[in-house]
Number of protein chains: 2
Amino acid sequence: MTQPDSLHYLGVRDAIATRIAGGELKPGERLPSERQLQVGGGVARGTIREALFQLEAEGIIYRKDRSGWYVSPPPVVYDPTRWEGFMSYVEAQGRRPETETLSKTEIACTPALAPIFGRPVGAPMYRIRRRRSVDGRAVLVETIVVDAALAPDLLSHPLDGSLTSVLKSAYNIAVARNRVDMQPCALTRGEAEALQVKSGLPGLNVVRTSYDAQGRVVEFDREYWRHDALKISVDIRVR
Amino acid sequence: MTQPDSLHYLGVRDAIATRIAGGELKPGERLPSERQLQVGGGVARGTIREALFQLEAEGIIYRKDRSGWYVSPPPVVYDPTRWEGFMSYVEAQGRRPETETLSKTEIACTPALAPIFGRPVGAPMYRIRRRRSVDGRAVLVETIVVDAALAPDLLSHPLDGSLTSVLKSAYNIAVARNRVDMQPCALTRGEAEALQVKSGLPGLNVVRTSYDAQGRVVEFDREYWRHDALKISVDIRVR
């Protein structure tokens, strides 16, 4: 915790970050082993490891299973003021989006959901759990709840794309308003396992409530993102 | 990692969360000790601890020094589409904002800053490090860089409030555009120490670039927030 030690691991961090920024190590590429990094600079194993943790915290590198450290792909950029879903903004950035349905069930409206939907506890709801990927890497898991009264038989439709599109085409339900709440979090066991990351890694919890023109809640969606997979970006000008 | 164990710690989590949501344990209040929580329900110490880590990850409780667990105060809500600074939106939410200057120095423009400001490497810049609090709890540390050519002698002004106001009143510089980029991160040693939290805790990295009407960068600000202190909220309607 002394100052020289602190400077030391930041120096190693900068050396690795420069190799990545300069393109010597490319997104998705595996880093040299800790031992190889150590031999290069003649620094202590603990200092190397601290530099790697720092780079992981910044989202520049990530761990995969037990096979080592990899250079992070660039994050997808998400602008919450734009009217676009995951499948379209990811594709617009030249990346490959995928959606996988993990489970779909009919549930009874819980005390927590009742005030959100303005429906009685016990009313039938659909709950859909999905995992979404960018270029084959899982980036988020989400749980979506839809009022069964608004979209009867929803679960028989294909759910591996844009749910908003399904609601529009099959039920003529149009989203007129989106409220998006985002809070950084630590990924805990359930989400971490679904994303194949270590539990405790930072993440982003995104809650999206979508309303139709009559003010009815048509989708209630809670997403957990891995922290290095997205960047929220908003650009505003004075009116 | 088995299913029953998983259900067990989530049950303990729910029991504590219910006491907090019901107002039995209030924001800022200290939680009963792990031992007391254990005696209450007859569950293993490890299970109690896992439930506490889960609640910390959700931002519901937090650790203070070595003195135990406390109920988190509600997060401040930040809407990046609104034209408001920290001092004013925190106060508008009935909370008490404070800004403390940690350091202020003249620096030479670095290779990383040069393209942001459109200024040569070595040009004089001001760098201001500040810590901001809500109701006496440190919530963010930030590093602001300002081009010294635009605001000569800036460091002699009071910097413990809104810097945007100082630029306006003392230099007639008005911000016309803000670009805000946000990414979840892990707080590493430097920021964690300034915020008095454990290194590795999740945080939010907010980078704000402010431009005047001529497109010149007038403020470049990098903030690190503790994860339970803010909620980003955006509400949009279809056009």
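Residues numbered from 1 in each chain as written. Chains lettered and ligands numbered in written order. Predicted model: local features only at pLDDT ≥ 70, side-chain atom pairs only at ≥ 80, totals over all residues. Heavy atoms only, no water.

*Asks:* Would you mind going over the interface of chain B and chain A in detail, with residue names and values included?
*Replies:* At the interface, 43 residues of chain B touch 43 residues of chain A. Overall, the association of chain B and chain A removes approximately 3900 Å² of surface from exposure, summing both partners, and the carbon and sulfur fraction of that is 51%. Contact with chain A buries area across many residues of chain B, yet Pro184, Arg189 and Ile236 of chain B alone supply 18% of it, more than any other trio. Counting across the chain B and chain A interface gives 4 salt bridges. Notably, a salt bridge pairs Arg189 of chain A with Glu50 of chain B, separated by 2.4 Å at the nearest N-O pair. In this structure, the connection of chain B to chain A is made through 20 residue pairs in polar contact (both at pLDDT 80 or more). At the level of elements, α1 (3-21), α3 (45-57), β7 (177-186), α7 (189-195), β8 (202-211) and β10 (230-237) of chain B are the ones that each hand at least two residues to the side of chain B that touches chain A. (Contact = heavy atoms within 4.5 Å. Buried area = accessible area lost by both parts, 1.4 Å probe. Salt bridge = Lys/Arg side-chain N within 4 Å of Asp/Glu carboxyl O. Polar contact = N/O pair within 3.5 Å; in protein donor to acceptor, adjacent residues only side chain to side chain. Helix = DSSP H or I, 4+ residues; strand = E, 2+ residues; numbered from the N terminus.)

*Asks:* Account for empty space enclosed by the protein, with residues named and values stated.
*Replies:* Residue and element names in this part refer to chain B. For the structure shown, the criterion picks out 1 cavity of 30 Å³ or more. Of the volumes computed, that of the largest cavity is approximately 50 Å³. Along the walls of the largest cavity sit Pro73, Pro74, Pro75, Val76, Arg95, Val134, Arg137, Val139, Asp228 and Ala229, which together make up its complete lining. Residues of the lining of the largest cavity, tallied by class, amount to 7 nonpolar, no polar and 3 charged. (1 Å grid on protein atoms, 1.4 Å probe; cavity = no way out; pocket = protein on both sides within 12 Å on 5 of 7 lines; lining within 4 Å. Points joined across faces, edges and corners; volume = space filled by probe spheres on them. Nonpolar A, V, L, I, M, F, W, Y, C, P; charged D, E, K, R; others polar.)

*Asks:* Break down the domain arrangement of chain A for me, with residues and values.
*Replies:* All names here are of chain A. The domain boundaries assigned to chain A delineate domain 1 (3-71) and domain 2 (76-232). Computed from C-alpha atoms alone, the centre-to-centre distance between domain 1 and domain 2 is 34 Å. The interface is formed by 5 residues belonging to domain 1 together with 6 residues belonging to domain 2. For the pair domain 1 and domain 2, the summed buried area comes to about 470 Å², and 47% of that belongs to carbon and sulfur atoms. (Domains from an automatic or database assignment.)

*Asks:* Help me get a handle on the packing of aromatic side chains, residues and values and all.
*Replies:* Residues and elements named next belong to chain B. Throughout the structure, instances matching the rule amount to 10 aromatic pairs over all chains. Judged by centre distance (6.1 Å) and plane angle (40°), the ring pair of Tyr62 and Tyr70 falls under tilted. For the residue pair Tyr62 and Tyr70, the accessibility class agrees, reading buried in each case. When the ring of Phe86 is compared with that of Tyr89, the centres are 6.1 Å apart and the planes differ by 75°; the resulting orientation is edge-to-face. Of the two residues, Phe86 and Tyr89 both sit in helix α4 (residues 86-92), 3 residues apart, roughly one turn of that helix. The same class applies to Phe86 as to Tyr89, namely buried. (Phe/Tyr/Trp six-rings, centres within 6.5 Å; stacked < 30°, edge-to-face > 60°. Buried < 20%, exposed > 50% of the residue type's maximum accessible area, 1.4 Å probe, protein only.)

*Asks:* Let's hear about the relation of the copies chain B and chain A: which residues, and what values?
*Replies:* Laying chain B over chain A is done by rotating through 180° and shifting 0.0 Å along the axis; what remains is an RMSD of 0.0 Å. What the rotation and shift describe, once combined, is the action of a two-fold rotation axis. The rotation axis passes nearest to the C-alpha of Pro202 of chain B in chain B, at a distance of 2.4 Å. When the interface residues of chain B are mapped onto chain A, 100% of them again fall at the interface, so both copies present the same face. (Least-squares fit on C-alpha atoms with pLDDT ≥ 70 in both.)

*Asks:* Quick one: what's the story with the sheet that holds β7 of chain B, residue by residue and with numbers?
*Replies:* The strand order across the open sheet built from 8 strands is β3(A)-β10(A)-β7(B)-β8(B)-β9(B)-β6(B)-β5(B)-β4(B), with neighbouring strands paired in mixed fashion. In this open sheet, the two edge strands, each paired with only one partner strand, are β3 (76-78) of chain A together with β4 (97-108) of chain B. Neighbour-to-neighbour, the strand axes of the sheet open up by a mean angle of 20°, direction not taken into account. Relative to strand β10 (residues 230-237) of chain A, β3 of chain A is paired through 3 bridges, and the arrangement is parallel. (Pairing = 2+ DSSP bridges. Axes fitted to C-alpha atoms, helices over the stretch in contact; angles between N-to-C directions.)

*Asks:* Account for the pairing of β10 of chain A, naming residues and giving values.
*Replies:* Strand direction decides the pairing type here: β10 of chain A and β7 of chain B, joined by 6 bridges, are antiparallel. Along β7 of chain B, the bridge assignment pairs Ile236 of chain A with Asn178 of chain B.

*Asks:* Account for the pattern of salt bridges, naming residues and giving values.
*Replies:* All names here are of chain A. Counted by the stated rule, this structure contains 42 salt bridges over all chains. A salt bridge links Arg49 to Glu34, with the shortest nitrogen-to-oxygen separation between them at 2.7 Å. Placement of the pair is Arg49 in helix α3 (residues 45-57) and Glu34 in helix α2 (residues 34-41), with a sequence separation of 15 residues. When the shortest N-O distance is used, the salt bridge between Arg63 and Glu56 registers 2.8 Å. Given a relative accessible area of 27%, Arg63 falls into the partly exposed group. Overall, Glu56 belongs to the buried group, its relative accessible area being 11%.

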